[in-house]
Amino acid sequence: MIRTLRGTAVAVLALLVSTATVGSASADGTDFTMSPLSGPVGTTVTVDAAGTTTFSANAGSDPTTSPPAAPTVSFDGVPSTSVTMVSPTELTAVVPSGATTGPVTVAVGTTTYTGPSFTVEVLAVPRQPAWTATASQPTVTYGRGVTVKGLLADSQGAVSGAPAQLQAQQPGNSGWVQVPGTATKATNAAGVASWRLFPQHNEHLRIASSATSGDFAAVSAPIAVQVAPKLTLHQLGVASTGVTSHLTGTVRPAGAGTVELQQRRGGIWRGVSRASARTGRFSFALDPTTPGVERFRVTEPATALHAAAASQTVRVDVTRGDLRYGSTGPEVRALQRRLRQLHYDVGPPSSTYGWDMVHAVTAFEKVQGITRDGVAGPQTWRRLGNPKVPHLRHPYPDAPVAVEVNLATQILMIAKHGVIWRILDTSTAGGYTYTDSAGLQATAVTPTGHFTIKYKIDHLVTDKLGTLWRPSYFDYSGDAIHGEGDSNSGADVPPYAASHGCVRITDLAVDRYYNLLAIGTPVWIYH
């Protein structure tokens, strides 16, 4: 058979590759023929004295009184240690260790016979390669990937083309199995194979390769990959003394166990309470007693299946009692930050509870289904911890800007590329009967359906039904998104439906978004 050692081709023949003989003494000048003419050390060679007299030094004598002299067979000068006489003209000899390619001679007594050259073949011995395996990171958060890479090399360098598997040993199981979802890969020219995987729990991994023509099989040392649960603590932002709020969050994978709420005090994290997270969700009641800034996180201890984990730190600004129009101080800023996180239009940063904050809180109250008074009271504080989140009914992923007006909740949402960007308080048609500009009886109705901004007027418009500040018209019947032209921008946008048919927002809001609502901007209005 032919065996190929990577980078060096060596013909390796079995002991009986050839049975042909080579020439005779008269044909090529040698004294005997030989078969085979090549092979590794240990090959049995047959020597035939055809064309010569005999290999016996005293042929014809009585062997009982004159035993034949034992011949010596040498391969390029190295004598064989195993020679067998088959007949006076034939013998066999085993190629000895240390023999090299060269002529074969047979010495009988003082006579030496010269035969053809014998090629000593070097039998390839497979090498033992070794794997060096690494993981891109020893600990990975659940849901994130880790890259496992291995380098296979032997005494002559990197081993390419070796079939390799990524194997895992599950917790509590001593056996190794191929990691589900991974493929058997061949090492590249640099001897490298790698896999990207998303482990669900702690694992021991290794890389194994099967034997090749020049290398034995190899297995890497095990490497440990720890998987930490993904703990998410939802933003609360603000809480009030005397009001029970809730810190909520999620843990993945579900069923990970018990989580602990910790509070930062004096530079040290201290445990506050524990809660079950077996459903993948958790909740902690929070009853602050002192105004100020508090910081919390959630942790989970290490188990056999998962590494220890900690959530991000959440800041909670604790306020004292209600906040309303005219309130001032850092507590107002804290409430403003929280509402901005939830995408409500709070206006520019301010420590004063002005009309922008009144309408931002009112819009929040509308979405939550609680009293619409624009006051951050107990109901508002409770909802801020776990608020309802509005959703777009007609998202436009490709639209830079789009508007949706929900008549049921009386809010206007501005979206960018299909994602809510700002939520505004609005007042639409009140459903009452009134006398229109033509002197006819009409019902106050805001049209529903799909519109676009048709035209705009960048100043105050006055007609028999009232004033419109910087209107953006979405049809040709006079319906527009506009302000009321009241510099206070508060009283003219009540927390209920009150317009003749337009979508009314505050003058301050109109000034912020007038240029954003360009001609052609999509507008959806629905109940």
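Everything that follows concerns the structure shown earlier in this document.
Since we're looking at a predicted model, the values are computed, not measured.

The rules behind each value
Residue numbers here run from 1 along each chain, matching the order of that chain's written sequence. Residues qualify for local features only when their pLDDT is at least 70, as the model is predicted, and side-chain atom pairs are given and counted only at 80 or more; totals for whole chains, interfaces and linings, by contrast, use all residues. The side-chain quantities take in all heavy atoms of the structure and omit both hydrogens and water. Where helices and strands are cited, they refer to DSSP runs of H or I of at least four residues and of E of at least two residues respectively, numbered from the N terminus. Throughout, a contact is declared for two residues whenever any of their heavy atoms are within 4.5 Å. For helices, the axis comes from a line fit to the C-alpha atoms of the stretch in contact; other axes are also lines fit to C-alpha atoms, and the angle between any two N-to-C directions lies between 0 and 180 degrees. Angles below 35 degrees are treated as roughly parallel, those above 145 as roughly antiparallel, those between 65 and 115 as roughly perpendicular, and all remaining angles as oblique. Here, strands pair whenever DSSP counts at least two bridges between them. Relative accessibility decides the category of a residue: with a 1.4 Å probe and only protein chains considered, values under 20% of the type maximum give buried, values over 50% give exposed, and everything between is partly exposed. Working definition of a nonpolar core: buried Ala, Val, Leu, Ile, Met, Phe, Trp, Tyr and Cys residues. They are joined through side-chain atoms within 4.5 Å. Aromatic contacts are taken between Phe, Tyr and Trp rings whose centres are within 6.5 Å, Trp giving its six-membered ring; a plane angle under 30 degrees counts as stacked, one over 60 as edge-to-face, and the others as tilted.

Engineer: An account of the environment of Val375 is requested, with residue identities and associated values reported.
Structural biologist: Its place among the elements puts Val375 in the loop between helix H3 (355-368) and helix H4 (378-385). Residues Val375 and Arg324, 51 residues apart in the sequence, show an inter-C-alpha distance of 4.8 Å. Val375 has contacts with Asp322, Leu323, Arg324, Tyr353, Val361, Glu365 and Thr380, leaving out every residue within four places of it along the chain.

Engineer: Give me the packing of H3 against H4: which residues, what numbers.
Structural biologist: In the contact formed by H3 and H4, the axes pass within 11 Å of each other and the chain directions differ by 70 degrees. Judged on the interaxial angle alone, H4 and H3 are roughly perpendicular. Contact residues: Val361, Phe364, Glu365 and Gln368 in H3; Thr380, Arg383 and Leu384 in H4.

Engineer: Tell me about the pairing of strand E40 (residues 466-473), residues and numbers included.
Structural biologist: Bridge count between strand E38 (residues 455-456) and E40: two bridges; the pairing is antiparallel. Paired with Tyr455 across the strands is Tyr473, a residue of E40. For strand E39 (residues 460-463) and E40, the ladder comprises four bridges, and the chain directions are antiparallel. Considered in E40, the bridge of Leu460 is made with Trp469. In sequence, E39 turns back onto E40 through a hairpin of two residues.

Engineer: Tell me about unusual backbone geometry, residues and numbers included.
Structural biologist: Following Ser35, the chain continues to Pro36 via a peptide bond in cis, the omega torsion being -5 degrees. If you trace the backbone, Pro36 turns up in the loop between strand E3 (33-35) and strand E4 (38-40). For the bond running from Arg252 to Pro253, omega is 5 degrees, close enough to zero to count as cis. Of note, Asp76 is a non-glycine position whose phi angle comes to about 50 degrees, a positive value. Following the sequence through the fold, Asp76 ends up in the loop between strand E6 (72-75) and strand E7 (78-79). A relative accessible area of 33% means that Asp76 is categorised as partly exposed. At His417, a position not held by glycine, the phi torsion is positive, near 50 degrees. By the element assignment, His417 lies in the loop between strand E33 (411-416) and strand E34 (419-425). On the basis of relative accessible area, His417 is assigned to the partly exposed category, the value being 46%.

Engineer: Describe the sheet that holds E3, and please don't skip the residues or the numbers.
Structural biologist: In spatial order, the strands read E3-E5-E9-E8; together these four strands make up an open sheet with antiparallel pairing. Across the chains shown, the open sheet's two edge strands, defined by having one partner strand only, are E3 and strand E8 (83-87). The mean inter-strand angle of the sheet, taken between neighbouring strand axes irrespective of direction, is 25 degrees. Here five bridges tie strand E5 (residues 44-48) to strand E9 (residues 90-94), and the two strands are oriented antiparallel to one another. Looking across to E9, one finds that Thr46 is bridged to Thr92.

Engineer: Tell me what's going on with the nonpolar core, and back it up with residues and numbers.
Structural biologist: With 28 residues, the main nonpolar core has Leu335, Leu339, Tyr344, Tyr353, Trp381, Leu384 and Met413 as its most contacted residues. Broken down by secondary-structure element, the contributors of at least two residues to this core are helix H2 (330-341), H3, H4, E33 and E34. Ranked by residue count, the leading element in this core is H3, at seven residues. With sequence-adjacent residues up to four places away left out, Trp381 is seen in contact with Val238, Ala239, Ser240, Val243, Ser245, Thr319, Gly321, Leu323, Leu335 and Ala376.

Engineer: Tell me about the side chain of Thr521, and please be specific about residues and values.
Structural biologist: Inspection of the secondary structure assignment puts Thr521 in the loop between helix H5 (507-513) and strand E43 (522-526). With residues near it in sequence (within four places) discarded, Thr521 still touches Val401, Ala402, Val403, Phe451, Thr452, Ile453 and Leu516.

Engineer: I'd like a rundown of the packing of aromatic side chains, residues and numbers included.
Structural biologist: In this structure the tally under the stated criterion is eleven aromatic pairs. With a centroid separation of 4.4 Å and 15 degrees between ring planes, the pair formed by Tyr455 and Tyr473 is classed as stacked. One end of the pair, Tyr455, is in strand E38; the other, Tyr473, is in strand E40, and 18 residues separate them in sequence. You can call Tyr473 buried: its relative accessible area is 7%. Members of the aromatic cluster, each reached through a chain of ring pairs, are Phe32, Phe55 and Tyr113.

Nothing here speaks to function; it is geometry throughout.
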